[in-house]
Every structure is written in structure tokens, then in C-alpha cells.
Amino acid sequence: MRRVGAPLSLVLLSLVLLTGCGTGPSLENRGAVTAPPGDSKHLTIGSAGFTESDLLAQMYALLLGQAGYKTSMLTVANRELYEPALESGQIDVVPEYAATFADWLNAKTHGAGAPAVGSPDLATTMKALRSLAAPRGLTVLDPGRAVDQNAFAVTAAYARQHRLKTLSDLGASRLPVRLAAGDECVQRPYCEPGLKKTYGIDITGVDPKGVGTTQAKRAVQSGQDQMVLTTTTDATLDEFGLVLLADDKHLQNADYIVPVVNRSRAGSEGVTKALGKLNDVLTTADLASMNQQVDSWRRLPEDVARTYLKDKGLL
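The rules behind these values
Residues numbered from 1 in each chain as written. Predicted model: local features only at pLDDT ≥ 70, side-chain atom pairs only at ≥ 80, totals over all residues. Heavy atoms only, no water. pLDDT = per-residue confidence, 0-100. Contact = heavy atoms within 4.5 Å. Helix = DSSP H or I, 4+ residues; strand = E, 2+ residues; numbered from the N terminus. Polar contact = N/O pair within 3.5 Å; in protein donor to acceptor, adjacent residues only side chain to side chain. Buried < 20%, exposed > 50% of the residue type's maximum accessible area, 1.4 Å probe, protein only. Disulfide = S-S within 2.5 Å.

Thoughts on the confidence of the model for the protein chain
Mean pLDDT over the protein chain: 90, with 89% of residues reaching 70 or higher. Taken as a whole, residues 1-32 scores under 50 in pLDDT and shows 44 contacts with residues more than four places along the chain or in a different chain.

See the structure below:
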């Protein structure tokens, strides 16, 4: 469900770039990754083209630059394109989301109908993700504290009126809830079915206005709908008078931010150490704040990333 795409011209440029690169060894020859971790001194950092990915990629580039690496940036908005580029070494480092990427690799490896391997448990998710990534020549570095999960918001007034802080509170209230979300919400286990089964929330209907869109938030703000599906790093909730309800029973998967690297080019201790510095400081709230600075205040991602790292003593 992530996020907005890049302009068509950029996607076409990416297609041209990727067509010319090698695809690396076949999966049949990659069962055991025996090549030592590489340490290329010029690394390409990939971004998926939406604000948060741009910010993370810029922070990765700045931290690696300080560690002595030369870096360049490449934006490829489609995971179907940038993941093969990561395997082949055209992209060396990319920010990813643990559970989402685990399920994507699982479907690529075992077919679209394969049971999901991402889960609300971070350790279980990371184990599955690393086992899927390693045969493809990819190394998944440790996650930090920042997580960008699906989340649900109501108006602050509605929360105060009904004394709601968690999704369990909403279920216990027995209030009828019309949910603004993507149309896929009616069948996704983390959305309408999960809200009903896990929390006992009375979902009376799904208003297909998209995930965290302005239209969806306005529908909740006006009272047309009672709750909206968004994300934990949504930076615009205050503008609409909305607040998140805590996922206290952990319905959502563990989509913690993880750097994924091409092992043969960027699997070294130097890269791991440089990027690991972010794990000690970056929080979900920090990401939401930086997203707001770019999306609402129109600051450049590179400037926001640099200021943040300086403020945290990392540059």
C-alpha cells in the first residue's frame, strides 16, 4: 500500500537504466551466499520516490559520505524495478519496510498465492525477511525504532466525546463506524476483517477514498465517516483535527525501517556501522516531523535530512 508514484518520465528513465544492467546469478545458483561482503567506495542509494523514502535515502547518503564513501542517488518508484536493480548492483542501498518487503520477496519467490510471512512480531518478520533476501545476494541490516505501519485515526473531538485512546476502546464502545480507506480494505486482514475480528469494531461500511488521502481525512473531519486508514508517520493529522488510536492488540505488521544492501558491494562492516548510527536516534515521531517539513513546509528532503542529523550529533 505504499505510497505515491513518480512521474511517468522518471519511471521510463528507470526502465531504460535497468534494461541495460545485468540480472546477476539465477536463484538456482544462489542457494548459499558464499561471496565475502563487498566494500565498494562509490555507492548508489536508491529511493522509491515518495517523501519518506527520499528522506531516508538522503540520510543514508549523508552518513555514508561522512564515513568516507562517495554516493549518488537513483529514484526508482516501482519496487518491481528497484529490487532487481538492488540484486544486480546498480543500486547498492535502499530503505525498506520489514514486513512489506518480506511479503513482497516471498510472493516473488513462492508465487502470489504464498501465505504471508510478515507479521506483527518483529523478530519473526526479520528472520523470514533475511532468509528470503540472502539467496538473492541481499543483506538486511538491523531495524531501528522507527516504524511506518498502517494506522487508524478519528477526530480529536470524537475521541474525547467517547473516551477513546485505543482501537480496543472503540470496539468496546459498540459505536457504528464508517471507515474511509482504500477499496481493498474490505478484504485485507489488517483492515476491515481485522478490525472486526481482533477489536470487535462495528464497521458499517468502507468509503473508498484511499489511504490517508486529503479526501479521506476531510470525510472524517466533516463527520461523513468516523475513522480513516492512514499511517503512523502521517504528518498532516493535526491539520484535520485527527488523532491516532493505538493498535494495542498489534493487528498491524512490523513495518520497521530497515536498510537493505547488495552484499557483494555494500555488505561491509563500514556500511553497517555508518547506517547503524541512525538506529539509536530515529523514531516514528521524527519521521512524521520530517515528512511534514517536506510536504507542508516545502523544504527540500536533503536539507531536512542534513539538519536532523546535525541536530542529533551524527554529522
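Moving on, there is more to tell.
Observations regarding the environment of Asp255
Structurally, Asp255 can be placed in the loop between β9 (242-245) and β10 (257-262). The spatial distance from the C-alpha of Asp255 to the C-alpha of Thr125 is 8.9 Å, given a sequence separation of 130 residues. Side-chain polar atoms of Asp255 contact the backbone nitrogen of Ala99, separated by 3.1 Å.

What to know about unusual backbone geometry
Of note, the phi angle at His250 is positive, near 55°, even though the residue is not glycine. For His250, the position within the fold is in the loop between β9 and β10. By relative accessible area, which is 55% here, His250 ends up exposed.

Examining the state of the cysteines
Linking two cysteines covalently through their sulfur atoms gives a disulfide. Applying the stated criterion to the full structure yields 1 disulfide. Between Cys185 and Cys191 runs a disulfide, and the two sulfur atoms are separated by 1.9 Å. Looking along the S-S bond of the Cys185-Cys191 disulfide, the torsion reads about -85°, which is the left-handed sense. Cys191 shares its class with Cys185; the two are buried.

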